Each structure stands twice: as C-alpha cells, then as structure tokens.
Amino acid sequence: MNNNVPAAARGFSLIELLVVLVILGLLAGLVGPKVMKHLGGAKSDTAKLQIEDIGAALDVYRLETGDYPSNEEGLKALVENPGDKPGWNGPYLKKKVVPVDPWGREYHYQMPGEHGDFDLYSLGKDNAEGGEGENADIVSWE
C-alpha cells in the first residue's frame, strides 16, 4: 500500500463494499414486500372510489333522463349523448372520459342489476370472479 496517499483520498476496501451491499439487500428484502402490499391495496381503494364516482354520475343521469343507461348504451352514455336522449345534460364525468379500472380494464356495467338498480364492478387484478386481496372483486352494492 502507498503510505504517501492521505487517508481521506483512499477508497473503500472490497470487504467494506460487500458489507454495505449485504445490508442494503437485507433492507430491500424486508421492506420491499411491505411496500408492494400497500401498493396493491391502493389500487383496490382507487377502484372503490372510481365506482362511487361513476355511480354518482349514473344517479344524476337518471335524474335528468328518467332512467339509467341501457346495457347497449353502457357507461359511454355518461360522456356522450346516446342518440339525442331527452333531458341529457352531460357529460356527467369530470374528465369527459369513462375511467378504466386501476388494472387497465373497463368497468362492468349491468342494468337492471342483480343487486340494485344497476351493478357496477371490477373483477380485480386477476380479472376473474371472486378472489382475495388484490384479486377480489370491487363492487357497487357493498
């Protein structure tokens, strides 16, 4: 080793670097899964809020036109007048676009609904009925 180099100018040894990398790896292994769990929950919460907003828009649509959009008209009727519908005073959604669920798929809309005047739901991350956690269905009737 060159003793003429001041201590402040010397780099880290390989062992010091390996120790730091091991510590960072352990922290990532402990913290990473907890962060990912909260991100999944945030998507489900976002879907719940979007379903509430769309449901409120559907209620205003019904107040102004006399009924909910048919299955054929779908949620698109909230942003575009479906064939000169009397009383239509939309768009009923702020961004003038029907949002997709947090997983990038369209919300399911059924009128008349099996659980109320209409059913509005997302099938969750797995896009299949049922499931738990992120895969659970997010519905308007609960």
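Residues numbered from 1 in each chain as written. Predicted model: local features only at pLDDT ≥ 70, side-chain atom pairs only at ≥ 80, totals over all residues. Heavy atoms only, no water.

J.: Mind showing me how you'd approach the overall build of the protein here?
T.: Helices and strands together make up the secondary structure of the protein, namely 1 helix and 3 strands. A fraction of 39% describes how many contacts in the protein between residues 6 or more apart in sequence connect residues 24 or more apart. Accessible surface for the protein amounts to roughly 9,800 Å². Of this, 57% is attributable to carbon and sulfur atoms. (Helix = DSSP H or I, 4+ residues; strand = E, 2+ residues; numbered from the N terminus. Contact = heavy atoms within 4.5 Å. Areas by Shrake-Rupley, 256 points an atom, 1.4 Å probe, with all protein chains shown as cover.)

J.: Hey, could you run me through the sheet that holds strand E3 (residues 138-139) in this one?
T.: Hydrogen bonds along the backbone pair up the strands of a sheet, which may run parallel or antiparallel. The strand order across the open sheet formed by 3 strands is E1-E2-E3, and the pairing between neighbours is antiparallel. The sheet is open, and its two borders are formed by strand E1 (108-110) and E3, each paired with just one other strand. The pairing of E1 with strand E2 (residues 119-122) spans 3 bridges and is classified as antiparallel. Each bridged residue has a counterpart across the sheet, and for His108 the counterpart in E2 is Tyr121. (Pairing = 2+ DSSP bridges.)

J.: Sorry, what's going on with a nonpolar patch on the surface here?
T.: A surface patch of nonpolar side chains, about 890 Å² in accessible area, is lined by Leu14, Ile15, Leu18, Val19, Val20, Leu21, Ile23, Leu24 and Leu27. Among the secondary structure elements, Val20 is positioned in helix H1 (residues 14-65). (Patch = residues over 30% accessible without salt bridge, like charges linked within 9 Å, V, L, I, M, F, W, Y side chains within 5 Å. Salt bridge = Lys/Arg side-chain N within 4 Å of Asp/Glu carboxyl O.)

J.: Just to check I follow, could you spell out the pattern of salt bridges for this structure?
T.: A side chain with one charge may pair with a side chain of the opposite charge, provided their charged atoms come close. Scanning the entire structure with this criterion turns up 4 salt bridges. Put simply, Lys85 and Asp67 hold a salt bridge, and the shortest N to O gap is 3.1 Å. Residue Lys85 is located in the loop between H1 and E1, and its partner Asp67 is located in the loop between H1 and E1; the two are separated by 18 residues in the primary sequence. Residue Lys85 is classed as buried on the basis of its relative accessible area, which comes to 16%. Of the residues examined, Asp67 reaches a relative accessible area of 34% and is grouped as partly exposed. The partner of Glu80 in a salt bridge is Lys76, and the shortest N-O contact between them spans 3.8 Å. One salt-bridge network, held together by shared partners, links Asp67, Glu73 and Lys85. (Buried < 20%, exposed > 50% of the residue type's maximum accessible area, 1.4 Å probe, protein only.)

J.: Any chance you could explain unusual backbone geometry here in plain terms?
T.: A negative phi angle characterises most non-glycine residues, just as the trans form characterises most peptide bonds. With omega at 5°, the peptide bond leading from Gly90 into Pro91 counts as cis. By secondary structure assignment, the location of Pro91 is in the loop between H1 and E1. Of note, the bond from Met111 into Pro112 is cis; its omega dihedral lies within 30 degrees of zero at 0°. Position of Pro112 relative to the elements: it lies in the loop between E1 and E2. Unlike most non-glycine residues, Lys96 shows phi in positive territory, near 60°. Mapped onto the elements, Lys96 comes out in the loop between H1 and E1. Relative accessible area serves as the criterion here: at 56%, Lys96 is assigned to the exposed category. In the Ramachandran plot, Asn127 falls in the positive-phi region, its phi being about 55° despite a non-glycine side chain.

J.: Is there a simple way to think about the confidence of the model for the protein in this case?
T.: Low pLDDT marks regions whose predicted coordinates should not be analysed in detail. Per-residue pLDDT for the protein averages 86, and the proportion of residues at 70 or more is 89%. Predicted confidence in the protein is weakest over H1, with a mean pLDDT of 85, and strongest over E1, with 96. (pLDDT = per-residue confidence, 0-100.)

J.: Any chance you could explain the nonpolar core here in plain terms?
T.: Nonpolar side chains tend toward joint burial in soluble globular proteins. Counting residues in each nonpolar core, the largest one holds 20 residues, and the members touching the most others are Ile54, Leu58, Leu75, Leu78, Tyr107, Tyr109 and Leu120. The element contributing the most residues to this core is H1, with 6 residues. (Core = buried A, V, L, I, M, F, W, Y, C linked by side-chain atoms within 4.5 Å.)

J.: Explain the packing of aromatic side chains here, please?
T.: Aromatic ring pairs: the centre-centre distance and the angle between the two ring planes describe each pair. One pass over the full model with this rule turns up 5 aromatic pairs. With 6.3 Å between their ring centres and 35° between their planes, Tyr109 and Phe118 make a pair best called tilted. Aromatic pair Tyr121 and Trp141: ring centres 5.9 Å apart, planes at 70°, arrangement edge-to-face. Highlighted residues: Tyr121 in strand E2 and Trp141 in the segment after E3, separated in sequence by 20 residues. Through pairs of rings, three or more aromatic residues link up here, namely Tyr61, Trp88 and Tyr92. (Phe/Tyr/Trp six-rings, centres within 6.5 Å; stacked < 30°, edge-to-face > 60°.)

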